[in-house]
Amino acid sequence: MTLIEKIITIALLSGATLLTRFLPFIIFPKNKEVPKIITYLGKVLPSAVLALLVVYCFKDYQSYDLPKTISTIVASLVTAGLYLYRRSMLIPIAGGTIVYMLMVQFIYQ
């Protein structure tokens, strides 16, 4: 890429990022009621994303690969426990990921 192409790419990506950040506030101002479908999606999507992550984590499950199986199960239990404890989405996802990565690094060594 030439310098001009790099500058154009950075400008377009920055503009797209700003647009995605400001667009909800433009579409749904404070004095306007949020449509019911948006409220519904706001309630349902976090759980759907977490369910999708669970399916993705277990898609390559192989019972004969004991270290990976143990790491996956322990990380899943930590994630579920953190969710039940905190009722938040970010803390369990981060906690489960950290536990899984630490176990994989130390068990596979």
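Note: the structure precedes this text.
Since we're looking at a predicted model, the values are computed, not measured.

Colleague: Sorry if this is basic, but what is going on with helix α3 (residues 66-86) here?
Modeller: In an α-helix, one turn spans 3.6 residues; hence positions three or four apart end up facing the same way. Look at α3: 30 Å from first C-alpha to last across 21 residues, which is about the 30 Å you get at 1.5 Å a residue. Turning to α3, its buried residues are T69, S71, T72, A75 and T79. Down the axis of α3, the buried set is contained in an arc of 165°. They therefore lie on one face. Pointing more than 90 degrees away from the buried face of α3 are the exposed residues L66, L77, L84 and Y85. For α3, the elements touching its buried residues are α2 (36-58) and α4 (90-107). Looking one or two places after α3, you find R87, whose phi comes out positive at around 55°.

Colleague: Any chance you could explain the packing of α3 against α4 here in plain terms?
Modeller: When two helices pack together, their arrangement is captured by the angle between the axes and the distance separating the axes. At their nearest, the axes of α3 and α4 sit 8 Å apart, and the two run at 155° to each other. Relative to α4, the element α3 lies roughly antiparallel. Here α3 and α4 pass one another in a crossing that is right-handed. Contacts from P67, K68, I70, S71, T72, V74, A75, V78, T79, L82, Y83 and R86 of α3 reach α4 at I91, P92, I93, G95, G96, V99, Y100, M103, V104 and I107.

Criteria and thresholds
Residues numbered from 1 in each chain as written. Predicted model: local features only at pLDDT ≥ 70, side-chain atom pairs only at ≥ 80, totals over all residues. Heavy atoms only, no water. Helix = DSSP H or I, 4+ residues; strand = E, 2+ residues; numbered from the N terminus. Expected span 1.5 Å × (residues − 1). Buried < 20%, exposed > 50% of the residue type's maximum accessible area, 1.4 Å probe, protein only. Arc of directions from axis to C-beta. Contact = heavy atoms within 4.5 Å. Axes fitted to C-alpha atoms, helices over the stretch in contact; angles between N-to-C directions. Parallel < 35°, antiparallel > 145°, perpendicular 65-115°, else oblique. Left-handed = near helix turned anticlockwise from the far one by under 90°.

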